[in-house]
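# Descriptive analysis of the structure
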Amino acid sequence: MSLKQKDLVSLAPLSADEILRILDTADSFKEVSGRDIKKVPALRGKTVVNLFFEPSTRTRTSFELAAKRLSADVINFSPSSSSVVKGETLLDTARNIEAMQADIIVLRHPSAGAAERLASGVKSSVINAGDGWHEHPTQALLDLYTMRERKLDFKGLKVAVVGDITHSRVARSNIHALIKLGAEVRVVGPPTMIPLGIERLGPTVYYRFDEALQDVHVVMMLRLQLERQGRGLFPTIREYSRLYGLTAERLKLAAPDVVVMHPGPINRGVEIASDVADSLSSVILDQVSNGVAVRMAILYLLSGGE
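What you see is a predicted model; the values in this text were computed from it and never measured. (Residues numbered from 1 in each chain as written. Predicted model: local features only at pLDDT ≥ 70, side-chain atom pairs only at ≥ 80, totals over all residues. Heavy atoms only, no water.)

## Some words on the UniProt feature "binding site: carbamoyl phosphate" (unreviewed entry) in the chain
To keep it simple, the criterion reads: UniProt positions are given in the numbering used here, feature names are shortened, and annotations may be inferred rather than shown by experiment. Here a strand is any run of E in DSSP of at least two residues, a helix any run of H or I of at least four, and the numbering for each starts at the N terminus. Should any heavy atoms of two residues lie within 4.5 Å, those residues are considered in contact. Buried residues are those whose accessible area, probed at 1.4 Å on protein chains only, stays under 20% of the maximum for their type, while exposed residues exceed 50% and partly exposed ones sit between those limits.
Residues given the UniProt feature "binding site: carbamoyl phosphate" (unreviewed entry) here are R58, T59, R108, H136, Q139, G264 and P265. Here R58 is to be found in helix α2 (residues 58-69). If we skip the residues at most four places from it in the chain, R58 touches P263, G264, P265 and V288. Turning to its location among the elements, P265 is positioned in the loop between β9 (259-261) and α11 (274-277). Since its relative accessible area comes to 37%, P265 is described here as partly exposed. Apart from residues lying up to four places away in sequence, P265 is in contact with R58, R223 and E271.

Here's what the structure looks like:
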């Protein structure tokens, strides 16, 4: 069945069944990407607008590929060459786009809550492709899909999310989803990068990386988001790497079949060593590949697909 809501701006309101429905639907679309002709007519006649106010390579390209493989028309909107530079508001911009019969607007924005504000002001479906420090629901869904593809059972799964938790929208979306599905989530980082009250969402807080790694099945490394920090939250990058960087030696503390993930872009030699990023334990490129299938599923379900 289709998703009940018009938009996907957060994973917090979704039930475990709704999350699993998206993953099940993505299974069907994963097969499409392996065909010689990578296209189905599911969204023929629909228009998808990518409205990105922040730089993005993986997410924007992934949404564009997903929409085109569903046979939708795709418009990539660049704020730098639009009326936004003349002072037009986000809502007015979106309403003008909607007036051109846009069915789905995919929004990335530097302000937390922008996607929710937009969704309440337009009739088009809105998909949050990352808003400030708030959430990045489609990234978390492709992360879940990749875990399940590795035949990991969410119930009892131990996941360590490591790094700049405060500024990570990926971390928040993953915490919401993993807790709902029965996983144990550990957030790890220096005290300056762990938001106050994060325990209320369900994870356990660790400040010592080696302690948090004990017996975990999934290690999700996060990039240092220096552009969002505004001030130094640790003495030096070298010091951060020594305490919170994932090396092959440190990875031995985790479960034998541990899976290593990263939403990208990777800072090799900072949060993760190159030999770990390129190892058999790493599913980083699988995450990128699976993003297309998961986003196809979301576009399809929000359009009323069964």
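Moving on, there is more to tell.
## Quick notes on the pattern of salt bridges
Formally: Criterion for a salt bridge: a side-chain nitrogen of Lys or Arg within 4 Å of a carboxyl oxygen of Asp or Glu.
Applying the stated criterion to the full structure yields 13 salt bridges. Between R148 and D24 there is a salt bridge, with its nearest N and O atoms 2.9 Å apart. Here R148 is found in helix α5 (residues 137-149), whereas its partner D24 is found in helix α1 (residues 16-32), with 124 residues between them in sequence. Looking at R148, the relative accessible area reads 24%, which means it is partly exposed. You can call D24 partly exposed: its relative accessible area is 42%. Linked through salt bridges whose partners overlap, the residues forming this network are D24, D27 and R148.

## Structural notes on the sheet that holds strand β4 (residues 125-131)
Our working rule: Any two strands are treated as partners once DSSP identifies two or more bridges connecting them. Helix axes are fitted to C-alpha atoms over the stretch in contact, other axes to C-alpha atoms as well, and angles between N-to-C directions run from 0 to 180 degrees.
Taken together, the four strands give an open sheet; going across it, the order is β2-β1-β3-β4, and neighbouring strands pair in parallel fashion. Only two strands of the sheet have a single neighbouring strand rather than two, namely β2 (73-77) and β4. Ignoring which end each strand starts from, the neighbouring axes of this sheet average 15° apart. In the sheet, strand β3 (residues 104-109) pairs with β4 via five bridges, with the strands oriented parallel. The partner of I104 across the bridge, within β4, is S125. Strands β1 (47-52), β2, β3 and β4 of the sheet are contacted by α2, whose axis makes an angle of about 175° with β1. In the packing of helix α12 (residues 284-302) onto the sheet, the strands contacted are β1, β3 and β4, and the crossing angle to β4 comes to about 150°.

## Quick notes on helix α4 (residues 114-121)
Here is the rule we go by: Taking the helix axis as origin, the arc is that swept by the directions to the C-beta atoms.
Regarding α4, the residues found buried are A114, A115, L118 and A119. Down the axis of α4, the smallest arc covering the buried residues is 130°, so these residues share one side. Within α4, the exposed residues directed more than 90 degrees away from the buried face are E116 and S120. Buried positions along α4 lie against α3 (90-99), β3 and β4.

## Details of the sheet that holds strand β5 (residues 158-162)
Pairing is parallel across the open sheet formed by five strands, whose spatial order is β7-β6-β5-β8-β9. Looking at strand neighbours, the two that pair on one side only are β7 (204-206) and β9, the edges of this open sheet. Here the average twist between neighbouring strands, direction ignored, is 20°. Relative to strand β8 (residues 218-221), β5 runs parallel, the two being bridged by four bridges. The partner of A160 across the bridge, within β8, is V219. Across the sheet, helix α6 (residues 169-180) is in contact with β5, β6 (184-188) and β8; its angle to β6 comes to roughly 160°.

## Brief notes about the packing of α2 against α12
Under the convention used in this document: Orientation is classified from the angle alone, with under 35 degrees giving roughly parallel, over 145 giving roughly antiparallel, 65 to 115 giving roughly perpendicular, and any other angle giving oblique. In this scheme the handedness of a crossing depends on how the near helix is turned from the far one: anticlockwise by less than a right angle means left-handed, clockwise means right-handed. Three residue categories are used. Nonpolar comprises Ala, Val, Leu, Ile, Met, Phe, Trp, Tyr, Cys and Pro, charged comprises Asp, Glu, Lys and Arg, and polar comprises the others, including Gly.
Taken N-terminus to C-terminus, the directions of α2 and α12 make an angle of 55°; their axes are 8 Å apart at the nearest point. The pairing of α2 with α12 is recorded here as oblique in orientation. For the pair α2 and α12, the sense of crossing is right-handed. Contact residues: R58, T59, S62, F63, L65, A66, A67 and R69 in α2; V288, G291, V292, R295, M296 and L299 in α12. The residue inventory of the contact of α2 with α12, partitioned by class, reads eight nonpolar, three polar and three charged.

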